[in-house]
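# Survey of secondary and tertiary structure
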Amino acid sequence: MIIKRFEAATTPQAMQLVKKALGEDAVIFSQKTLDKGTPAQRVEIMAAMDYDLEKNESSARPAAQEKTADKPATYGYATIRRPKKTPATRVERQQADLPEKFAKLLDNEEEKWPQSTDVKGTEAPLPKALHRQQVKKWRDELIDKIQVEHLTSDNPDDPDIIALVGPTGVGKTTTAAKLAAWYHLHQGKKVTLLSMDCYRIGATDQLRTYARIMRLPCEVAVRKEDLAGAVARHQDADLIIIDTAGKSPYDPHHVDELADWFAPVAGVQPLLCLSATTKKEDLSQIVSSYQALAPRSLILTKLDETRAYAAICQQVASTKMPVGYLTMGQRVPEDFMVADKPFLDAFFKKGWSVMAQEMVN
Ligand SMILES: Nc1nc2c(ncn2[C@@H]2O[C@H](COP(=O)(O)OP(=O)(O)O)[C@@H](O)[C@H]2O)c(=O)[nH]1
Ligand SMILES: [Mg+2]
């Protein structure tokens with residue numbers, strides 16, 4: 001893979017440079033505004049190209065070069081998009097003056113929080129103003145309970161091993177790739193990807209493709225001995241990310257099977273992926289089903305796919321598990337954040353769309 005830095009006055013100009021130099025299959029790793037607000041303001045884009053793909057396939061796809069500049073160009077899981085505004089990069093989002101920004105946010109959320117009758121057993125409908133006040137107080141108490149925890153090394157000499165678990169389709173594989181990108185490309189860690197997902201045709205190809213683009217080792221474990229063997233072979237890694245096959249949270253054998261696979265591998269930290277789009281009852285079933293694995297923390301996915309966050313907020317607040325990471329879109333590696341307590345507090349008060357807008361401004 002070749003990674004290059006591009007700088008131009010505007011995002012469209014920078015994207016043109018990327019396309020010209022790396023073609024339409026380039027992967028955008030980061031984008032930021034330099035000297036923001038000054039006359040010297042520039043846009044910096046870090047982009048990468050899988051060299052093998054370029055060598056082997058670009059000549060066979062001459063028509064792709066003719067695409068109009070307005071159309072997004074896609075290849076596999078990599079997408080070049082032309083952002084409407086210049087969004088801050090993940091790093092900027094996390095390191096910006098968050099507390100100050102969040103303090104400015106006014107609380108006017110009217111969305112799907114419980115009605116007054118749900119609040120601590122209140123029976124009669126409350127006057128509107130009182131109702132809003134009480135819901136807000138109750139909601140703020142819930143939000144206060146939410147904890148945050150990132151990757152923790154139990155033993156610094158051994159690789160950290162995390163396993164993404166959760167129901168089908170919550171975004172485990174996509175998040176595994178985002179985590180790999182974050183820890184490898186941003187944190188400089190030596191990352192290995194392992195897949196246990198042999199149930200679906202193409203499931204392992206998805207992870208292998210991400211691994212190939214990032215030049216990371218990737219192995220597929222078909223039997224539980226394979227998993228232990230693969231972990232043993234990658235003891236020089238800083239971080240091993242295991243992608244698991246999802247199943248219905250109502251499947252009685254799934255969690256036992258996962259526990260059985262993890263048992264011979266010392267130090268596996270399961271991270272439970274919960275989608276913000278999941279119904280309240282199903283969320284609580286998922287948390288209770290996966291409790292047997294003692295997940296280390298939660299990954300909240302698909303925050304962009306809903307505007308009703310009360311169910312996931314209540315679920316997160318009522319479990320004892322901290323939140324580790326957040327995802328808010330399909331783009332790898334962009335749509336990913338390392339969880340941050342002030343951000344989560346504000347997010348559950350305001351929702352993703354408001355927060356995204358706040359961060360861009
Ligand atoms: N909108 C949105 N889609 C996502 C997100 N994470 C994953 N997806 C999409 O959800 C679908 C299932 O994702 P996948 O990683 O295969 O889920 P898995 O079955 O849990 O491994 C794919 O189309 C992903 O692109 C997210 O944060 N937001
Ligand atoms: Mg998967």
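What counts as what
Residues numbered from 1 in each chain as written. Chains lettered and ligands numbered in written order. Predicted model: local features only at pLDDT ≥ 70, side-chain atom pairs only at ≥ 80, totals over all residues. Heavy atoms only, no water. Helix = DSSP H or I, 4+ residues; strand = E, 2+ residues; numbered from the N terminus. Buried < 20%, exposed > 50% of the residue type's maximum accessible area, 1.4 Å probe, protein only. Contact = heavy atoms within 4.5 Å. Areas by Shrake-Rupley, 256 points an atom, 1.4 Å probe, with all protein chains shown as cover. pLDDT = per-residue confidence, 0-100. Core = buried A, V, L, I, M, F, W, Y, C linked by side-chain atoms within 4.5 Å. Pairing = 2+ DSSP bridges. Axes fitted to C-alpha atoms, helices over the stretch in contact; angles between N-to-C directions. Polar contact = N/O pair within 3.5 Å; in protein donor to acceptor, adjacent residues only side chain to side chain. Near = heavy atom within 4 Å. Nonpolar A, V, L, I, M, F, W, Y, C, P; charged D, E, K, R; others polar. Phe/Tyr/Trp six-rings, centres within 6.5 Å; stacked < 30°, edge-to-face > 60°. Salt bridge = Lys/Arg side-chain N within 4 Å of Asp/Glu carboxyl O. Parallel < 35°, antiparallel > 145°, perpendicular 65-115°, else oblique. Left-handed = near helix turned anticlockwise from the far one by under 90°.

### Section: the overall build of the protein
Per the secondary structure count, the protein includes 13 helices and 13 strands. Put simply, the protein has 361 residues, and 50% of those count as buried. Nonlocal contacts in the protein, meaning residues at least 24 apart in sequence, comprise 74% of its contacts between residues at least 6 apart. Per element, the accessible surface of the protein, about 17300 Å² overall, is 51% carbon and sulfur.

### Observations regarding the confidence of the model for the protein
Of the residues in the protein, 73% reach a pLDDT of 70 or more, and the chain-wide mean stands at 77. Low confidence marks residues 51-85, where pLDDT is under 50. Its contacts with residues over four positions away, or in another chain, come to 49 contacts.

### A closer look at the nonpolar core
Ranked by internal contacts, the top residues of the largest apolar core, which has 51 residues, are Leu300, Leu326 and Phe348. Considering every element that reaches this core, the biggest residue donor is helix H12 (residues 341-350), with five residues. In this structure, Leu179, Leu216, Leu239 and Val332 belong to the second largest nonpolar core, which totals 28 residues.

### What about the sheet that holds strand E11 (residues 297-301)?
Overall, mixed pairing links the eight strands, which are arranged E8-E7-E9-E6-E10-E11-E12-E13 in an open sheet. Lying at the two open borders of the sheet, with one neighbouring strand each, are strand E8 (218-220) and strand E13 (336-338). Pairs of neighbouring strands in the sheet enclose a mean axial angle of 20 degrees, with direction left out of account. For strand E7 (residues 191-195) and E8, the ladder comprises three bridges, and the chain directions are parallel. Counted as the bridge partner of Leu193 is Cys218 from E8.

### Here's the deal with H12
Of all ten residues making up H12, seven are buried, and the element is well covered by its neighbours. All buried positions along H12 are accounted for by Phe343, Leu344, Asp345, Ala346, Phe347, Phe348 and Lys350. Here H12 starts with a cap whose side-chain oxygen sits 2.9 Å from the backbone nitrogen of Phe343, and that cap is Asp340. The positive-phi residue at the C-terminal boundary of H12 is Gly351, with phi of around 85 degrees.

### Digging into unusual backbone geometry
With an omega dihedral of 10 degrees, the bond running from Val332 to Pro333 counts as a cis peptide bond. Unusually for a residue other than glycine, Asp35 sits at a positive phi of about 50 degrees. On the secondary structure map, Asp35 appears in the loop between strand E2 (27-34) and strand E3 (42-49). The backbone of Ala294 sits at a positive phi, close to 50 degrees, despite the residue not being glycine.

### As for the site of ligand 1
If you check the shell around ligand 1, you find 17 residues, and the closest are Lys172, Thr173, Thr174, Asp304 and Thr327. The contact in question runs from an oxygen atom of ligand 1 to an N or O atom on the backbone of Gly171, over 3.0 Å. Considering ligand 1 on its own, with 580 Å² of exposed area, one finds that the protein chains cover 83% of that surface. Looking at which element gives the most residues to the shell around ligand 1, the answer is helix H6 (residues 172-186), with three residues. Each residue belonging to the shell around ligand 1 can be placed in one class, and the counts come to three nonpolar, nine polar and five charged.

### Quick look at the packing of aromatic side chains
Enumeration over the complete set of coordinates arrives at six aromatic pairs. With a centroid separation of 4.7 Å and 65 degrees between ring planes, the pair formed by Tyr309 and Phe347 is classed as edge-to-face. Of the two residues, Tyr309 sits in the loop between E11 and helix H11 (310-318) while Phe347 sits in helix H12, which places them 38 residues apart along the sequence. Between the aromatic rings of Tyr325 and Phe336, the centroid separation amounts to 5.8 Å while the plane-to-plane angle is 20 degrees, which identifies the pairing as stacked. Taken together, the residues span a long stretch of sequence, with Tyr325 in strand E12 (residues 323-327) and Phe336 in strand E13 at a distance of eleven residues. Under the relative-accessibility criterion, Tyr325 is labelled buried at 1%. Of the residues examined, Phe336 reaches a relative accessible area of 1% and is grouped as buried. One aromatic cluster is present, formed by Trp182, Tyr183, Tyr325 and Phe336 through successive ring pairs.

### Some remarks on the pattern of salt bridges
Per the stated rule, a full pass over the model turns up 14 salt bridges. Between Arg139 and Asp140 there is a salt bridge, with the nearest N and O atoms lying 3.3 Å from each other. Neither Arg139 nor Asp140 differs from the other in exposure class; each is buried. Measuring nitrogen to oxygen at the nearest pair gives 2.4 Å for the salt bridge that ties Lys190 to Asp236. A residue pair is termed long-range when its members are at least 10 positions apart, and Lys190 in the loop between H6 and E7 and Asp236 in the loop between helix H8 (224-233) and strand E9 (239-243) qualify at 46 residues. Assessed through its relative accessible area of 44%, Lys190 is described here as partly exposed. Residues joined by salt bridges that share partners form a network here, namely Arg139, Asp140 and Lys349.

### A short note on the packing of helix H10 (residues 280-290) against H11
In the contact formed by H10 and H11, the axes pass within 9 Å of each other and the chain directions differ by 30 degrees. For the element pair H10 / H11, the angle class is roughly parallel. Seen along the crossing, H10 lies across H11 with a hand that is right-handed. Residues Lys280, Leu283, Ser284 and Val287 of H10 form the contact with H11, whose participating residues are Ala311, Ile312, Gln314 and Gln315. Of the residues that constitute the contact of H10 with H11, the class distribution is four nonpolar, three polar and one charged.

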